[in-house]
Structures are given as C-alpha cells and as structure tokens.
Amino acid sequence: MSKTYRIISVVGARPNFMKVAPIHRAFEQYAPTFEHHIVHTGQHYDAAMSDAFFQDLEMPNPTVFLGIGSGSHAEQTAKVMIAFEQTCLELKPDLVIVVGDVNSTIACALVAVKLGITTVHVEAGLRSYDRSMPEEINRIATDAICDYWFTTEESGNKILKESGFPEDRIFFVGNTMIDSLHFAMPRAEQSKVKEELGLIGKKYGLVTMHRPSNVDDPIQLKSLLEILAEISHERAIVFPMHPRTSSKIREYGFADIILSGKQLLITHPKGYIDFLALMKDADFVLTDSGGIQEETTVLGIPCITARTTTERPVTIELGTNILIEPNPQSISKALHDIVHLPRKSGSIPPLWDGKAADRIAEILVKQCIKTQ
Ligand code: UD1
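Calculation criteria
Residues numbered from 1 in each chain as written. Predicted model: local features only at pLDDT ≥ 70, side-chain atom pairs only at ≥ 80, totals over all residues. Heavy atoms only, no water. Core = buried A, V, L, I, M, F, W, Y, C linked by side-chain atoms within 4.5 Å. Buried < 20%, exposed > 50% of the residue type's maximum accessible area, 1.4 Å probe, protein only. Contact = heavy atoms within 4.5 Å. Helix = DSSP H or I, 4+ residues; strand = E, 2+ residues; numbered from the N terminus. Phe/Tyr/Trp six-rings, centres within 6.5 Å; stacked < 30°, edge-to-face > 60°. Pairing = 2+ DSSP bridges. Axes fitted to C-alpha atoms, helices over the stretch in contact; angles between N-to-C directions. Near = heavy atom within 4 Å. Polar contact = N/O pair within 3.5 Å; in protein donor to acceptor, adjacent residues only side chain to side chain. Areas by Shrake-Rupley, 256 points an atom, 1.4 Å probe, with all protein chains shown as cover. Nonpolar A, V, L, I, M, F, W, Y, C, P; charged D, E, K, R; others polar. Parallel < 35°, antiparallel > 145°, perpendicular 65-115°, else oblique. Left-handed = near helix turned anticlockwise from the far one by under 90°.

Novice: Now, about the nonpolar core: what can you tell me, with residues and values included?
Specialist: Membership of the largest hydrophobic core comes to 60 residues, with the highest contact counts inside it found for Phe27, Ile97 and Phe150. Leaving out residues up to four positions away in the same chain, Phe27 has contacts with Ile7, Phe34, His36, Ile97, Ala361, Leu364 and Val365. By size, the runner-up hydrophobic cluster in this structure holds 27 residues, among which are Met241, Leu264, Ile324 and Ile331.

Quick look at the structure:
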C-alpha cells in the first residue's frame, strides 16, 4: 500500500490565516496521498479576528482548535507548546508548516522540531534588526530551528545564506499572502463596505495601528489619535481597530480625542474581504502592520509605515511603502505630503504572482517522496 503523508499547517493569529489558506488549497491537488490539516492555536479567538477570516478565505474548519487565547508572551507560548505537543503525538504528522512571526509560529516550530518532525518556515529570513519587537525574536528563533525555509523576497534569501543556512533547503517562492489577495479580489470588488461607511465618491485614508510600541504607551497613542483627528478635518479617515488598541483607548480614557475628529470613522476589525475592499480604493494607508506593507505594494496604494524599521525592505525598494518615525511631527508631515505632493509609484516584487503556495506544495511533495 502506498504511504499517505500527513501535513499540519499552524495558524494562530490574524495574519496567519491568509498565508495558510492558499497552502491548504495547493495541497488539495495532491490528496489523498497528501493529507493537509489546519491546526488553530486560538491565539486570536474573537469572531472578527479569526472566524471571519476562515469564511472569507474559504478555509475548512481546523482539524484541531487548541483554544489558547491571550496571555503574557511566556504564558501564551508555553500553553501553545503544551497543547501542540499533544496534537503532534496524536496526529503524527510527517511535516509541520509554520508561517510568519507570531508567538504560535515559534511555539509550534519548537515542539515539532524537538519531536523530530520535519519543520518548515514559510516567510523565512525576514529581519527588522529591532530586537525590541517580539516578532523579530520569533523570526530569528524560528529560522534557527527549522529544516526548510521558504522566502518571499531577496532580502530573506540573502540573510539566510549569509547566516550559513544550507542553500539547498532555502526556496524563493514568493508570497502566499499575495496568493490570498488574488483569490479574494473578485469578492472584494463586490463588497458593500464603502457604501456602509458612507465612503462612496469620497477620498479617504485607511489606518491600522496595533503594535505595542505605538499603542501601549499612552503618550504615543494620544499623539497618534490627535493627528488622526486633525487630519480628518481635511480627509475622511477609516480606522478598523484592533482589540489591543481599543482596549488601550478605553483604559486611558481617549474616546474624546476620537470624537473631536470631523470624519474619523472608528470601526470594529474588518474581515479580509471588506478590508481588501477598503484598501484597494484608499487614497493612502497609514499602518504599523507587516502584511499591509506588502498588500499595498501589490495594489499600488501609497503606504506610510509608522515604524523605524521594516523586515520587508522590498516594499520600500520596489513598492509604494515609506517608513517614518512614529512621532507626531513625522506622521503629520507624511500625511500632509501624501495628500498634497506627487506620490511614490512602485512595481510588484518578483514572484508575488498568486502562485507561491503552488510552488511550496510542489517542492514539499517532492522532498517528502525523496526522503521516504
Ligand atoms: C499578534 C502578533 C502580531 C500580529 C498581530 C496581528 C505576536 C507576538 N504578535 O499581536 O505580530 O501583528 O497579532 O493582529 O504573536 N485580543 C482580543 N481578541 C483576540 C485577540 C487578541 O481581544 O481575538 C486582545 C487581547 O486583549 C490580547 C491583545 O489583544 O491581550 C493582544 O493579543 P496578542 O495575540 O497577544 O497580540 P497582538 O497584539 O494581537
């Protein structure tokens, strides 16, 4: 009887879903010899942060939901590890795929590698060189222990090769997040979200802010909200708010600043399709997210990233992204320039063509069969 290969892809937090959905679809081409299972750690658990993405990305329910939830870094990582070890012992996968840089990524990679399971990092080699970002520690640690590395951009290849990772196990495949963008765009075109928010025929800026460095510090958060309120007198601003940000606004009592804006629309976090619909027609995007820097590059929408570093340099070299110091003066100037001056135009980075997951599946299928 021929062998069946069992593969687990781990999802935990919002940015993981769009990276794994295309991988799941790609492995369906190799069923039943290859069985692909999604394991959801439950790092993100609100319907708006999790379920909505399964629906929008047409992903099946996870085989296993670990239900970990929020906590300190150590607590969250440790709980994921304990639960995921049990899952691996029960499902006995031949391969574990982890994506991106969230706590679930490093937690599950560590478990799988120590159980002797071949472990693969998708979106490997990215570095911001800012060790105060929890994600940077997750990226470094995950790359260090995995067996195969799939990269989205040339910087990732270079970093891994220069760090001495074996070249025959580094594969430049493109960006699975962009696969999801291509997949969902026809439905984003049909979205009614702009109508619902009263944005038809209006120019608007789209904002997301959730990094601890921008929202946990009350002084930083206050000045960010004040700038947005001020700009909203000139341009509508839509701000789908991450739960971390809304809870900090409540805790610090900043609701009045928001109310002082003229067209400052705060909404719950949007699902994938509605967010894509908002992003593709935005005048500009102001963000501290990782993935949005990539999506705006593909959509050709000017992106201002309020961070001092990026782990995704291709979005600056080829794309529409610019980095600015996250202080009131720089943000204010960048928003003014984007409204009044000619914009940065960009091009689409190599292999960001919607086919990255197919390349990943093809390579992994060959590797599995070779090492049988
Ligand atoms: C995590 C990732 C970050 C990613 C972000 C995307 C890590 C270290 N960070 O940050 O890289 O950019 O997800 O969203 O893994 N909360 C809810 N509901 C949820 C999830 C979270 O209310 O479904 C609230 C809780 O108050 C929680 C806080 O948000 O304490 C932070 O959640 P957490 O998963 O710790 O980190 P994020 O800031 O979401």
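So that's the structure; there's more coming.
Novice: Please provide a residue-by-residue account of the environment of His268, values included.
Specialist: Tracing the chain through its elements places His268 in the loop between strand 10 (264-267) and helix 13 (272-280). Of the residues examined, His268 reaches a relative accessible area of 68% and is grouped as exposed. For the pair His268 and Met241, spaced 27 residues apart in sequence, the C-alpha to C-alpha distance is 5.5 Å. Here His268 is in contact with Pro240 and Met241, once residues within four sequence places are set aside.

Novice: An account of the packing of aromatic side chains is requested, with residue identities and associated values reported.
Specialist: As enumerated under the stated definition, the model contains 9 aromatic pairs in all. Ring centres 6.5 Å apart and planes at 25° place the aromatic pair Tyr148 and Phe171 in the stacked group. Placement of Tyr148 in strand 6 (residues 148-151) and of Phe171 in strand 7 (residues 170-172) is noted, with a sequence separation of 23 residues between them. What makes Tyr148 buried here is its relative accessible area of 8%.

Novice: Before we move on, could you go through the sheet that holds strand 11 (residues 284-287) and cite the residues and values that matter?
Specialist: Strand order across the open sheet formed by 6 strands is 10-9-8-11-12-13, with parallel pairing between neighbours. Because the sheet does not close on itself, it has two edges, and the strands there are strand 10 and strand 13 (321-323). Put simply, the sheet's adjacent strands are angled 20° from each other on average, direction ignored. For strand 9 (residues 236-240) and strand 10, the ladder comprises 4 bridges, and the chain directions are parallel. The partner of Val238 across the bridge, within strand 10, is Leu265. Helix 10 (residues 218-231) rests against strand 8 (204-208), strand 9, strand 10 and strand 11 of the sheet, and its axis sits at about 140° to strand 9. Sheet strands touched by helix 16 (residues 328-340): strand 11 and strand 12 (303-305). Its angle to strand 11, the strand with the most contacts, is close to 165°.

Novice: Give me the site of the ligand: which residues, what numbers.
Specialist: Looking at the ligand, there are 19 residues lining it, with Gln43, His44, Tyr45, Glu135 and Arg244 nearest. The backbone of Tyr45 places a nitrogen or oxygen atom 2.9 Å from an oxygen atom of the ligand. For the ligand, whose free accessible area comes to 750 Å², the fraction covered by protein is 85%. Every element with two or more residues in the shell around the ligand is listed here: helix 1 (14-28), helix 3 (73-91) and helix 11 (243-252). For the shell around the ligand, the class distribution of residues is 6 nonpolar, 8 polar and 5 charged.

Novice: Talk me through the sheet that holds strand 6; I want residue IDs and the actual numbers.
Specialist: Pairing is parallel across the open sheet formed by 7 strands, whose spatial order is 3-2-1-4-5-6-7. Each edge of the open sheet is held by one strand with a lone partner, namely strand 3 (64-65) and strand 7. Here strand 5 (residues 118-122) runs beside strand 6; their pairing, made up of 3 bridges, is parallel. Across the sheet, residue His121 finds its bridge partner in strand 6, namely Trp149.

Novice: Residues and numbers for the packing of helix 3 against helix 4 (residues 103-114), please.
Specialist: Between helix 3 and helix 4, the least distance of the axes is 8 Å, while the angle of their chain directions is 45°. Here helix 3 lies oblique to helix 4, going by the angle between them. In the crossing of helix 3 with helix 4, the sense of the turn from one axis to the other is right-handed. Contacts between helix 3 and helix 4 pair His73, Gln76, Thr77, Val80, Met81, Phe84, Glu85 and Cys88 from the former with Asn103, Ser104, Ala107, Cys108, Leu110, Val111 and Ala112 from the latter. Considering only residue class, the contact of helix 3 with helix 4 consists of 9 nonpolar, 5 polar and 1 charged.

Novice: Help me get a handle on helix 13, residues and values and all.
Specialist: Most of helix 13 sits inside the fold, with 8 of its 9 residues counted as buried. Turning to helix 13, its buried residues are Tyr272, Ile273, Phe275, Leu276, Ala277, Leu278, Met279 and Lys280.

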